[in-house]
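Each chain, letter by letter, is given below.
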Amino acid sequence: MKLIYEKSQAGRRGIGVPKPDLPVPEVPQELARKSPPRLPELAEPEVLRHFTKLSTRNFGIDTGFYPLGSCTMKYNPRVNERIVGLPGFANLHPLVEDDAAQGALELEWHLQEILREVTGLDAVSLQPAAGSQGELTGLMLFRAYFKDKGEDAQRRKIVIPDTAHGTNPASVTMAGYELTPVKTDARGNIDVEDLRDKVDEHTAGLMLTNPSTLGLFDENIEEIRDIFHGVGALMYYDGANLNAVCGISRPGDMGFDVVHINLHKTFSQPHGGGGPGGGPIAVRESLEPFLPVPVVVKDGAGFRLEYDRPKTIGKVRAFSGPFGVFVRSYAFIRSYGPGLKEMSEVAVLNANYILARLKEAYDLPFDRLCMHEFVLSARSLKKEHGVSALDVAKRLMDYGFHPPTIYFPLIVPEALMIEPTESEAKETLDEFVDAMLAIAREGAESPELLHDAPHDRPVRRLDEVRAAKNPIVRFRFEQHPVEQLPVEQSAGARQLEAQKGA
Amino acid sequence: MSYLSLTHADREEMLAAIGVSSIDELFRDIPKGVRYGRELDIAPALTEPELQRHMEELAGKNIVDEVCFLGAGIYDHYVPAVVDAVLQRGELLTAYTPYQPEMSQGVLQAIFEYQTAICELTGMDVSNASGYDGTTVAADACFVAKHATGRTKIVVTEATNPQVRQVIKTYAPGFGLEVVEVPHEGGVTDPDRVREAAVDAAAVIFQQPNFFGNLENAPELAAAANEAGAMPIAHVDPVSLGVLEAPGEYGCAMAIGEGQSAGNSMSYGGPHYGFLAARNDYIRRLPGRIVGETVDAAGERGYVLTLQTREQHIRREKATSNITTNQTLLALAGLVHLSLLGPQGLKELGETCMALRSYAQTELAKAGLEAVFPDKATFKEFAVRTGRPARDALAAARAKGIYAGYPLGRDYAGLDDALLIAVTEKRTTEEIDRLAEALALERQP
């Protein structure tokens with residue numbers, strides 16, 4: 001398909017601009033644009049058709065089942081899209097005085113209250129723009145808390161299990177901490193013996209996803225809590241998997257001191273092809289003074305933004321946060337009410353049902369009941385028939401499904417991480433299972449069918465090594481296409497793809 | 001109203017297949033001590049009509065019918081209808097990060113086209129797929145500069161958006177960076193002051209047009225940074241780049257900014273997108289997703305996420321950033337808007353903003369309001385002295401249905417009487433006349 005720049009014809013326009021009958025002032029010569037940016041030139045109908053055609057080359061929840069583990073790809077209610085476009089929300093400037101934003105502030109305040117209840121913690125900041133920014137903000141709060149106690153120089157270590165999302169160690173570095181990895185035991189829990197040796201008065205805290213990226217609830221969470229709190233360290237809860245436990249178990253009650261909530265996962269903000277997200281954090285009272293500003297507070301019958309927090313870490317993003325995300329998530333939560341518990345129950349039921357039906361056909365590294373997701377392995381298929389998790393994923397596309405997350409978590413070879421969410425009908429789950437079972441048979445009988453998959457997508461498998469060796473990251477107009485030297489790589493290396501859902 | 005499909009019979013059948021007798025039993029691995037034994041204290045569920053009504057009531061409590069001259073980083077530009085139509089395509093709206101390129105060519109190609117548009121606007125070689133907003137991309141740029149130069153000082157001009165500066169300062173301790181601010185002089189930054197501050201600095205960050213709306217002598221600021229071996233980084237407004245020079249043309253190493261002006265409604269501050277572009281030298285140090293062109297097994301052109309060894313899911317604690325979820329949908333809105341405008345439309349948009357801004361300056365001067373920074377060239381925003389505390393002036397204008405601007409005293413000492421006034425292409429001369437009338441001062445003889 002042509003790029004929009006290749007459809008461009010000089011002199012075409014897609015939208016007009018008002019031209020008041022006024023002189024246009026000159027820009028000082030040395031600051032004025034010399035040559036115009038080569039933006040596309042198309043009439044409006046062609047612009048709309050271009051992007052509509054692009055959409056037909058893409059797959060979303062609205063298209064079909066999207067069991068991308070760890071990403072919680074659930075239904076995005078259409079009413080929320082209508083609501084977020086209400087002029088009272090869409091046309092509100094973020095710097096108006098508080099009296100002009102009472103509806104927005106009331107919504108934010110209620111969302112804070114709901115998140116306090118769901119997490120079992122005392123105070124909330126809605127500001128972080130995504131889960132990974134919530135992580136970083138949480139670690140900044142750790143540092144502010146220990147600095148306030150005079151212990152920041154002493155406590156330099158953050159403990160992270162080997163199943164963690166890559167964002168956790170990356171956030172540790174960005175916050176200026178050092179990483180202490182801890183192993184996973186044979187049941188998929190944190191290895192408590194390994195942990196005991198690694199936690200001491202130099203430990204600032206733990207970052208844990210619970211249930212973990214294996215989809216397993218850590219059975220020793222109370223003991224883990226005692227180990228960290230026993231040395232005065234803090235606990236951070238990566239809320240990526242909160243969809244499993246709403247109304248069932250609360251991070252605050254598990255002992256966590258800071259939690260981020262991925263509004264785009266648990267509370268259904270559409271993922272938008274990569275974003276936006278929302279990563280509010282909830283904290284224990286002892287950490288509240290350090291929260292980013294502004295904080296939304298209730299003041300009599302009204303609401304206001306409070307900036308006067310002398311111990312604040314500052315700001316991690318502009319304004320009070322990604323407001324449109326709050327609107328959608330608040331609307332989603334109000335649709336369920338206390339029924340959020342049923343939402344989590346069904347998410348867990350759906351996952352266990354698929355697991356029960358698939359565990360004979362694929363390897364199951366940890367044979368337990370799962371929470372809202374689980375991890376299978378294609379290890380035997382690979383060993384016996386040369387068929388990899390990547391091949392299984394690509395073949396699933398031929399059956400009309402988005403593949404699961406693959407090759408993550410890193411401790412499971414040939415991992416297939418499956419998260420159905422609560423949204424799906426039993427028929428959909430059955431169709432997916434039937435496809436996975438058929439693919440396991442195909443892998444044994446005709447592995448080339450899988451190696452060559454997908455067969456009917458807009459493109460075949462893409463050469464990722466070539467893309468990375470000679471990066472072409474923008475259209476180059478008359479110099480396009482760019483002459484490329486052939487890259488010598490084995491077929492395997494060309495397809496090797498590390499990925500994680502987050 | 002929930003969005004669940006399973007019937008009672010489905011649930012029974014599924015529990016039997018799993019081999020448990022109840023839903024509760026699925027949660028047996030959760031220790032009793034950490035179970036939540038109560039119902040969540042959340043208001044009862046609403047049906048869709050009830051939800052619509054409740055949300056309309058909340059939206060109705062916001063005041064959005066005052067004529068908006070408020071800017072200071074977020075602007076009341078027009079968002080074309082085609083933007084909404086594209087963003088509501090479910091295949092784009094409800095997809096996630098394109099990890100599986102065969103399922104995601106639509107989003108991948110759109111990001112490639114977005115990256116191209118940002119490079120064209122800024123005069124840079126490479127753009128990422130977006131950052132969270134115009135503040136966080138500044139922090140990202142500091143991280144790039146630290147590792148590219150091996151230096152730990154960041155210079156930022158005081159005339160840069162206060163929220164951008166605050167976010168940089170919040171990130172700085174974790175990055176091991178020291179932040180130095182260069183004061184403005186009469187509303188612009190003196191290149192000589194930058195030259196002194198830039199010694200041993202990793203980067204010099206300045207805004208063009210700056211927070212006061214004034215045009216900096218950007219080529220000289222960039223040159224001052226380059227002379228000291230610091231990376232010049234320009235924070236720019238995308239809709240200004242049809243009339244203002246591209247940062248790549250005056251020696252900047254990186255260009256960053258808030259993308260809201262192009263394609264996004266104000267939405268009380270988000271979600272929007274930040275853009276981040278750089279010279280090719282820094283391509284392997286950039287944070288976030290980048291889409292590249294390649295070929296498929298049949299030799300056909302296609303797009304993939306590329307240079308992923310920079311990223312957290314592979315490099316973990318050695319990654320260039322922790323960013324995962326970004327702002328693709330909002331960046332797509334920017335691309336659609338820019339595609340509708342084209343180069344001529346973007347230039348006209350800038351010219352209309354400037355023409356109306358100039359008219360507003362003239363009318364406010366006639367109404368007795370002095371310019372805070374006389375004789376400074378501006379783009380779509382400027383500062384005036386209101387002759388009284390700015391909040392009083394704001395209140396007087398609001399009583400007449402005009403939201404007159406941003407009180408600069410919130411961030412700058414000595415400007416308690418000053419309002420920052422933004423004029424977009426949506427404003428009319430009649431609205432500007434009303435603004436001037438609402439703010440008019442008694443003429444002194």
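Residues numbered from 1 in each chain as written. Chains lettered and ligands numbered in written order. Predicted model: local features only at pLDDT ≥ 70, side-chain atom pairs only at ≥ 80, totals over all residues.

Trainee: Explain the overall build of chain A to me, please; I cannot follow it from the model alone.
Mentor: Scanning chain A for helices and strands turns up 17 helices and twelve strands. For a compact globule of 502 residues, the expected C-alpha radius of gyration is about 23 Å, and chain A comes in at 25 Å, within 12% of that figure. C-alpha atoms of chain A, sized along the principal axes, occupy 70 × 70 × 45 Å. Expressed as a percentage of the 502 residues in chain A, the buried residues total 59%. (Helix = DSSP H or I, 4+ residues; strand = E, 2+ residues; numbered from the N terminus. Rg over C-alpha atoms; globule rule 2.2 N^0.38 Å. Buried ≥ 20, exposed ≤ 12 C-beta atoms within 10 Å, placed from the backbone.)

Trainee: How should helix 2 (residues 48-60) of chain B be read in this particular structure?
Mentor: Spacing of three or four residues puts side chains on the same side of an α-helix, whose turn is 3.6 residues. All names here are of chain B. Taking 1.5 Å as the rise per residue, helix 2 with 13 residues should run 18 Å; its terminal C-alpha atoms sit 18 Å apart, in good agreement. Residues of helix 2 that are buried: Leu51, Met55, Leu58 and Ala59. Around the axis of helix 2, the buried residues are gathered within 95° of arc, so they sit on the same side. Residues of helix 2 that are exposed and angled more than 90 degrees away from the buried face: Pro49, Arg53 and Glu57. (Expected span 1.5 Å × (residues − 1). Arc of directions from axis to C-beta.)

Trainee: Help me out: how do you make sense of the interface of chain B and chain A in this one?
Mentor: Note on interface size: it is often stated as the accessible area lost on association of the parts. At the junction of the two partners, chain B supplies 174 residues and chain A supplies 179 residues. Here the side of chain B that touches chain A gets 24 residues from one element, more than from any other, and that element is helix 11 (residues 328-366) of chain B. Among the residues making up the side of chain B that touches chain A, the classes are represented as 91 nonpolar, 53 polar and 30 charged. (Contact = placed C-beta atoms within 7 Å. Nonpolar A, V, L, I, M, F, W, Y, C, P; charged D, E, K, R; others polar.)

Trainee: What's the story with the sheet that holds strand 11 (residues 405-406) of chain A in this structure? I'm lost.
Mentor: Residue and element names in this part refer to chain A. Pairing is antiparallel in the open sheet, where three strands are placed in the order 10-12-11. The sheet is open, and its two edges are formed by strand 10 (374-377) and strand 11, each paired on a single side. The pairing of strand 10 with strand 12 (residues 415-418) spans four bridges and is classified as antiparallel. Each bridged residue has a counterpart across the sheet, and for leucine 376 the counterpart in strand 12 is leucine 416. (Pairing = 2+ DSSP bridges.)

Trainee: Whenever I open this one, the sheet that holds strand 3 (residues 178-182) of chain A confuses me. Can you help?
Mentor: The strands making up a sheet are joined through hydrogen bonds of the backbone, oriented either antiparallel or parallel. All names here are of chain A. Ordered by their spatial adjacency, seven strands build an open sheet running 1-7-6-5-4-2-3, and the pairing between neighbours is mixed. A strand with exactly one partner marks an edge of an open sheet, and here the two such strands are strand 1 (123-125) and strand 3. For this sheet the average axis-to-axis angle between neighbouring strands, irrespective of direction, equals 25°. Summarising the sheet, strand 1 and strand 7 (residues 281-283) pair through three bridges and their orientation is antiparallel. Residue pairing in the sheet places alanine 123 in a bridge with valine 283 of strand 7. (Axes fitted to C-alpha atoms, helices over the stretch in contact; angles between N-to-C directions.)

Trainee: Could you clarify how one ought to interpret the environment of proline 162 of chain B in this entry?
Mentor: All names here are of chain B. Within the fold, proline 162 resides in helix 7 (residues 162-175). Along the backbone, proline 162 and glutamate 363 are 201 residues apart, and their C-alpha atoms lie at a distance of 28 Å. Apart from residues lying up to four places away in sequence, proline 162 is in contact with Phe211 and Asp411.

Trainee: Where do I start with the domain arrangement of chain A in this structure?
Mentor: Split into domains, chain A comes out as domain 1 (4-56) and domain 2 (84-338). One C-alpha centre belongs to domain 1 of chain A, the other to domain 2 of chain A; they are set 42 Å apart. (Domains from an automatic or database assignment.)

Trainee: Where do I start with the confidence of the model for chain A in this structure?
Mentor: Predicted coordinates in areas of low pLDDT are best not read in detail. When pLDDT is averaged along chain A, the result is 95; 96% of the residues meet or exceed 70. Low pLDDT (under 50) marks residues 489-502 of chain A, which in the prediction has 40 contacts with non-local residues, meaning those over four places away or in another chain. (pLDDT = per-residue confidence, 0-100.)

Trainee: What's the story with the environment of glycine 174 of chain B in this structure? I'm lost.
Mentor: Tracing the chain through its elements places glycine 174 of chain B in helix 7. Taking the C-alpha atoms as reference, glycine 174 of chain B lies 41 Å from leucine 341 of chain B; in sequence the two are 167 residues apart.

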